[in-house]
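Descriptive structure summary
Here's the letter readout for the chains.
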Amino acid sequence: MYAISYGDRAALSIALPTMGREFSLTPVQMGWVSSSFLWSYFLLNLPSTIVLDMVGARAIGSLAVGIWSFAMLLGGMAQNITQFLLTRMLLGVGEAPTFGVGATVVRNWALPKERGSVMTMLLTGMQLGLAGGTIAGAYLITFFGWRCEFMALGGIGILWAVVWWLIYRNPKEKTDAPRRKPISVREIRNLFRSSSFLGILVVQCTQNYLNFLVMSWMPLYLIHELHIDITGTGNSTALCYLSAAAGAVIIGRILEQLVFRNGIHPPYRRFIVAICLAGAATIGLLPQCHTMLPILLVLSGALACLMAANGANTALLTDMVEDGGKMGAVTGVTLTCSNALGLLSPILTGYIVAWTGSFDMAWYMCAIALIVAALLSLAMVRNPIRMDTQDG
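The rules behind these values
- The numbers attached to residues start from 1 for each chain and follow its sequence in the written order.
- Totals for whole chains, interfaces and linings use every residue, but because this is a predicted model, local features are given only for residues with pLDDT of at least 70 and side-chain atom pairs only at 80 or more, for both listing and counting.
- Note that water and hydrogens are dropped before the side-chain values are worked out from all heavy atoms of the structure.
- UniProt positions are given in the numbering used here, feature names are shortened, and annotations may be inferred rather than shown by experiment.
- Two joining distances apply to patches: 9 Å for like charges and 5 Å for nonpolar side chains (Val, Leu, Ile, Met, Phe, Trp, Tyr), and every residue must have over 30% relative accessible area and no salt bridge.
- Under the convention used here, a 1.4 Å probe and the Shrake-Rupley method define accessible areas, while residue burial counts only the protein chains that appear.
- The working definition used for a salt bridge is a side-chain nitrogen of Lys or Arg within 4 Å of a carboxyl oxygen of Asp or Glu.
- The helix and strand labels rest on DSSP assignments: H or I over at least four residues marks a helix, E over at least two residues marks a strand, and numbering proceeds from the N terminus.
- For every residue, the accessible area obtained with a 1.4 Å probe (protein chains only) is divided by the maximum for its type, and the residue is called buried under 20%, exposed over 50%, and partly exposed between those limits.
- Whether two residues are in contact is decided by their heavy atoms, any of which lying within 4.5 Å being enough.
- Grid spacing is 1 Å over the protein atoms alone, the probe is 1.4 Å, and a cavity is where that probe fits but cannot get out, while a pocket is an open set with protein on both sides within 12 Å along at least five of seven lines and lining residues have an atom within 4 Å of a point.
- Grid points are joined across faces, edges and corners, and a volume is the space filled by probe spheres set on the points.
- Amino acid classes used here: Ala, Val, Leu, Ile, Met, Phe, Trp, Tyr, Cys and Pro are nonpolar; Asp, Glu, Lys and Arg are charged; the rest, including Gly, are polar.
- Each Phe, Tyr or Trp ring (for Trp, its six-membered ring) is paired with any other whose centre lies within 6.5 Å, and the angle between the two planes then decides the class: stacked below 30 degrees, edge-to-face above 60, tilted in between.
- Take the number of residues in a helix, subtract one, and multiply by 1.5 Å to get its expected span.
- What we call a nonpolar core is a set of buried Ala, Val, Leu, Ile, Met, Phe, Trp, Tyr and Cys residues that are connected through their side-chain atoms within 4.5 Å.
- Axis definition: a line fit to C-alpha positions, over the contact stretch in the case of helices; interaxial angles, taken between N-to-C directions, run 0 to 180 degrees.
- Note on angle classes: values under 35 degrees are labelled roughly parallel, values over 145 roughly antiparallel, values of 65 to 115 roughly perpendicular, and the remainder oblique.
- Note on convention: near helix rotated counterclockwise from far helix by under a right angle means a left-handed crossing. Clockwise means right-handed.

In the nomenclature of an unreviewed UniProt entry, the protein chain is known as MFS transporter of Gluconacetobacter entanii. Under the heading Subcellular location (unreviewed entry), UniProt records this for the protein chain: "Membrane".

1. A look at a nonpolar patch on the surface
On the surface, a nonpolar cluster with roughly 680 Å² of combined accessible area is contributed by I158, L159, V162, V163, W165, L166 and I167. Checked against the element boundaries, L159 lands in helix α7 (residues 146-167).

2. Describing the side chain of T331
Its location among the elements puts T331 in helix α13 (residues 327-342). For T331, a relative accessible area of 5% translates into the label buried. In contact with T331, other than residues within four places in its own chain, are F99, G100, A103 and L317.

3. Things to note about empty space enclosed by the protein
Summed over the entire model, instances satisfying the criterion amount to three cavities of 30 Å³ or more. Roughly 180 Å³ of volume is contained in the largest cavity. Elements that contribute at least two residues to the lining of the largest cavity include exactly α1 (2-23), α6 (115-143), α9 (195-226), α12 (292-320) and α13. Tallying contributions element by element places α9 first for the lining of the largest cavity, with five residues. Along the lines of polarity and charge, the residues of the lining of the largest cavity split into 10 nonpolar, nine polar and no charged.

4. Considering the pattern of salt bridges
Charged atoms that come close allow side chains of opposite charge to pair. If you walk through the whole model with that rule in mind, you get five salt bridges. Its salt-bridge partner being E256, residue R253 comes within 3.8 Å of it at the nearest N-O pair. Of this pair, R253 and E256 both sit in helix α10 (residues 230-259), three residues apart, which is roughly one turn of the helix. R253 gets classed as partly exposed once you look at its relative accessible area, which sits at 38%. The class for E256 is buried, based on a relative accessible area of 5%. Via salt bridges that share partners, R253, E256, R269 and D319 belong to a single interconnected network.

5. Section: the packing of aromatic side chains
According to the stated counting rule, one finds 18 aromatic pairs in the structure shown. Here Y2 and F99 contribute two aromatic rings whose centre-to-centre distance is 4.8 Å and whose plane-to-plane angle is 55 degrees, an arrangement assigned as tilted. Linking Y2 in helix α1 with F99 in helix α5 (residues 98-109), this pair joins segments that are 97 residues apart in sequence. Of the two residues, Y2 and F99, both sit in the buried class. Taking 5.5 Å as the distance between ring centres and 85 degrees as the angle between the ring planes, the aromatic pair formed by W146 and F150 counts as edge-to-face.

6. Here's the deal with the environment of I347
Take I347: it is sitting in helix α14 (residues 344-356). A residue is classified by how much of its surface remains accessible, and I347, at 8% relative accessible area, is buried. Measuring from C-alpha to C-alpha, the distance between I347 and Q29 comes to 8.2 Å, with 318 residues separating the pair along the chain. Leaving out residues up to four positions away in the same chain, I347 has contacts with G31, W32 and S35.

7. Looking at the layout of surface pockets
Empty pockets left among the atoms are what a rolling probe the size of a water molecule brings to light. The space that makes up the second largest pocket amounts to roughly 210 Å³. Along the wall of the second largest pocket there are 13 residues; nearest its centre are P17, R21, M30, L220 and I223. Contributions of two or more residues to the lining of the second largest pocket are made by α1, α2 (27-55) and α9. Top element by residues in the lining of the second largest pocket is α9. It accounts for four residues. Taken together, the residues of the lining of the second largest pocket break down into 10 nonpolar, two polar and one charged.

8. Notes on α14
Taking 1.5 Å of rise per residue, the 13 residues of α14 would be expected to cover 18 Å, and the 18 Å separating its terminal C-alpha atoms lies within 8% of that figure. Those residues of α14 that sit buried are S345, P346, I347, T349, G350, I352 and V353. For α14, the secondary structure elements touched by its buried residues are α2, α9, α13 and α15 (360-380). In the stretch just after α14, G357 is the one whose phi turns positive, near 80 degrees.

9. Some details on helix α11 (residues 269-280)
Given a rise of 1.5 Å per residue, 12 residues ought to cover 16 Å, and the 17 Å separating the end C-alpha atoms of α11 matches this to within 8%. Most of α11 is tucked away, with nine of its 12 residues classed as buried. Where α11 is concerned, the buried positions are R269, R270, I272, V273, A274, C276, L277, G279 and A280. For α11, the secondary structure elements touched by its buried residues are α6, α9, α10, α12 and α15.

10. Looking at the nonpolar core
Ranked by size, the top nonpolar core spans 125 residues in total, and within it I283, L299, V330 and W363 carry the most contacts. The element that contributes the greatest number of residues to this core is α9, accounting for 17 residues. Setting aside residues up to four positions removed in sequence, V330 forms contacts with I183, L191, F197, L317, V321 and M387.

11. Re the packing of α9 against α14
Where α9 meets α14, the axes come as close as 8 Å, and the angle between the chain directions of the two elements is 60 degrees. By the angle between their directions, the pair α9 and α14 is classed as oblique. The hand of the α9/α14 crossing is right-handed. For the pair formed by α9 and α14, the contact residues are Y209, F212, L213, S216 and W217 on the first element and L344, S345, P346, L348, T349 and G350 on the second. Of the residues that constitute the contact of α9 with α14, the class distribution is seven nonpolar, four polar and no charged.

Rendered as structure tokens:
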């Protein structure tokens, strides 16, 4: 599911140079187009995950992927930029509960001591999807055009939705268990009174900003810096994502074994988060790199650390929240906030490129923010996250 989701997101980033010429888009307009799916995505993160907690991951998983894959098919048929923007907003509607589904499945089925590794492994789907979507998109665009790219990826998603419905089952509930109630406004308010939740949220917002920057602009950045064609860009981008996926699993596993070598103590996972964020901050070295090898090494290393930080931070949230039955909604709250910031990333980067003629300022800003987020995580994430009291 994660691979298909991010493959569909990558489809736009690799198609953007071609679409920009077809629809006569400026860098600023490209930034707005890149962020368009986030407009509906972040608005529906919380409502969709509240429904997820009540209905379960089986139905919501199939429905979500079915909707956004249908949006991909429509995107391939769009005849003007207005129609295309509407299809991207529909894609955001479908993708809204994606990470809530993932967090719910991990909370239900993974052993507590392995949640960090499981979550990081799950998140490799993001990088695999970005790599596959980028490289497949590059060749599909070269030989058949960007519309074929969108329709092919949409068909894959519809197939997945059918298979998920057939094979996945929600955990069995006790017959005498009370009916699950949706998260309340009071419980959401109490989340924001927890210093642990706020520390996790800051990390989520910061890494999401860089994630969407890279996802939206990496192909154009490589074209800008290395002056390579679209297939060369697709190959280079895919190599970065695949290296990052492998690196993230290794980094996450090693750090988890080191931090928990004397037993499980959930708040200690913040040390993994902080170390990985510090590694991701090496993205600030990119302005000093101007040839293929150093650019790819810095991008791959920073993205590997970023994904390991994301996996550890998500696992930290599942560990620290006491009411696991509302894990989907809690994830929805974090995503609503982080995606509100994330949707600004492609737009702000577009303005930075238009004003300065380079990406340098964007990389420096991200590096500083990642270091600050690491320090805040270390300082704030200590106590369990309770929603039924006002104490954090």
